[in-house]
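Given next are the chains, with one letter for each unit.
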Amino acid sequence: MDKLQDLYEKLTEFMDHFIVKYSYENRGILKKMRIDSRLNMNIEEEEWCKLFLYKSCLNHCAKIVLMRLIEDLGLGHDKLNGKGLKKWRDFVKNLKQDFEILYQVGLLDLQGDANVSIRGIFKKSDYDIFEIDKELASLIIENFTPIAFSDLKKEDIVHLFNKLYTLEDRELMKLESFHRDAPALSYILKLDKKNALI
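Residues numbered from 1 in each chain as written. Predicted model: local features only at pLDDT ≥ 70, side-chain atom pairs only at ≥ 80, totals over all residues. Heavy atoms only, no water.

Engineer: Quick one: what's the story with the overall build of the protein chain, residue by residue and with numbers?
Structural biologist: Along the protein chain, the regular secondary structure elements total ten helices and zero strands. From first element to last, N terminus to C terminus, the protein chain shows the α and β order α-α-α-α-α-α-α-α-α-α. Its C-alpha atoms give the protein chain a radius of gyration of 17 Å, within 12% of the compact-globule value 16 Å for 198 residues. In terms of overall dimensions, the protein chain has C-alpha extents of about 50 × 40 × 35 Å along its principal axes. A total of 198 residues make up the protein chain; the buried ones form 49% of that total. The contacts of the protein chain with a sequence gap of at least 6 include a subset with a gap of at least 24, amounting to 76%. Put simply, the protein chain shows about 10,100 Å² of open surface, and 53% of that area lies on carbon and sulfur atoms. Of the side-chain charges in the protein chain, 32 are positive and 34 negative, and the distance between the mean point of each set is 4 Å. (Helix = DSSP H or I, 4+ residues; strand = E, 2+ residues; numbered from the N terminus. Rg over C-alpha atoms; globule rule 2.2 N^0.38 Å. Buried < 20%, exposed > 50% of the residue type's maximum accessible area, 1.4 Å probe, protein only. Contact = heavy atoms within 4.5 Å. Areas by Shrake-Rupley, 256 points an atom, 1.4 Å probe, with all protein chains shown as cover. Lys, Arg positive; Asp, Glu negative; His and termini not counted. Charge placed at Lys NZ, Arg CZ, Asp CG, Glu CD.)

Written out as structure tokens, the structure is:
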């Protein structure tokens, strides 16, 4: 199977799980965020919450792809790829299946990276209210660990996210201007204008 198609299908599966899991969670917090921010108040409350969830989901997808790309290119420490998973299993005794801890360690590592650009991609945002829990982390490990990301080009990632967040979706949702910035998603959506991938 074509690698991009495989990635698209696996990211779509992740998105489906993410949306179902969090469709009705944190509603009170989201409503408060909407009122406190006073952003996009022209959008009805229920629709606002749905757009927030979808933007959060796409931001997590962007983080997954960029984390794995950084690892496979040797720009960061191995966590979610095959080498990182082997180290994790050798390192821990009772937490071998607690991949959400491994994912969080990977994120923290990138948030403190010496490279300002990498730190910026993974900085915390409002969209982190929906976390990668044990179930989602297991899905990430199961679906993405076997895939080599090192040969992905800038154009491949742009194409992949054009399929995940279509032109039609962009016209309808206008997520780029919705609420606040989602750093990883913003990075990918502006990727075609950048000279380099990372």
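That shown, we press on.
Engineer: Run through the pattern of salt bridges, naming residues and quoting values.
Structural biologist: Taken as a whole and assessed by the stated rule, the structure comprises 15 salt bridges. The shortest N-O distance in the salt bridge between D72 and R68 comes to 2.7 Å. With a gap of four residues between them, D72 and R68 both fall in helix α3 (residues 45–72), about one helical turn apart. For R68, a relative accessible area of 2% puts it in the buried group. In the salt-bridge network here, residues are joined through shared partners; they are K21, D133 and E135. (Salt bridge = Lys/Arg side-chain N within 4 Å of Asp/Glu carboxyl O.)

Engineer: Can you explain helix α8 (residues 154–164)? Please cite residues and give values.
Structural biologist: Every α-helix winds through 3.6 residues per turn, so residues three or four apart in the chain are directed the same way. If you check which residues of α8 are buried, you get K154, I157, V158, L160, F161 and L164. Looking straight down α8, one finds its buried side chains confined to an arc of 160°; they lie on one side. On its buried face, α8 sits against α1 (3–22), α3, α9 (167–173) and α10 (183–189). (Arc of directions from axis to C-beta.)

Engineer: Residue-level account of unusual backbone geometry, with values.
Structural biologist: Even without glycine at this site, N40 takes up a positive phi of about 55°. By secondary structure assignment, the location of N40 is in the loop between α2 (27–37) and α3.

Engineer: Could you give me a rundown of empty space enclosed by the protein, with the residues and numbers involved?
Structural biologist: Under the defined criterion, the tally for this structure stands at one cavity of 30 Å³ or more. Volume-wise, the largest cavity comes out at about 40 Å³. Lining of the largest cavity is provided by M67, I70, E71, G76, H77, K79, G106, D109 and L110. Looking at the lining of the largest cavity, the elements with two or more residues in it are α3 and α5 (99–111). Taken together, the residues that form the lining of the largest cavity break down as three nonpolar, three polar and three charged. (1 Å grid on protein atoms, 1.4 Å probe; cavity = no way out; pocket = protein on both sides within 12 Å on 5 of 7 lines; lining within 4 Å. Points joined across faces, edges and corners; volume = space filled by probe spheres on them. Nonpolar A, V, L, I, M, F, W, Y, C, P; charged D, E, K, R; others polar.)

Engineer: Tell me what's going on with the layout of surface pockets, and back it up with residues and numbers.
Structural biologist: Here the largest pocket defines a volume of roughly 210 Å³. Surrounding the largest pocket, 16 residues form its lining, R170, E176, S186, L189 and K190 being those nearest its centre. Contributing elements (two or more residues each) for the lining of the largest pocket: α8 and α10. Tallying contributions element by element places α10 first for the lining of the largest pocket, with four residues. A breakdown of the residues in the lining of the largest pocket according to their chemical character gives seven nonpolar, two polar and seven charged.

Just distances and angles here, no functional claims.
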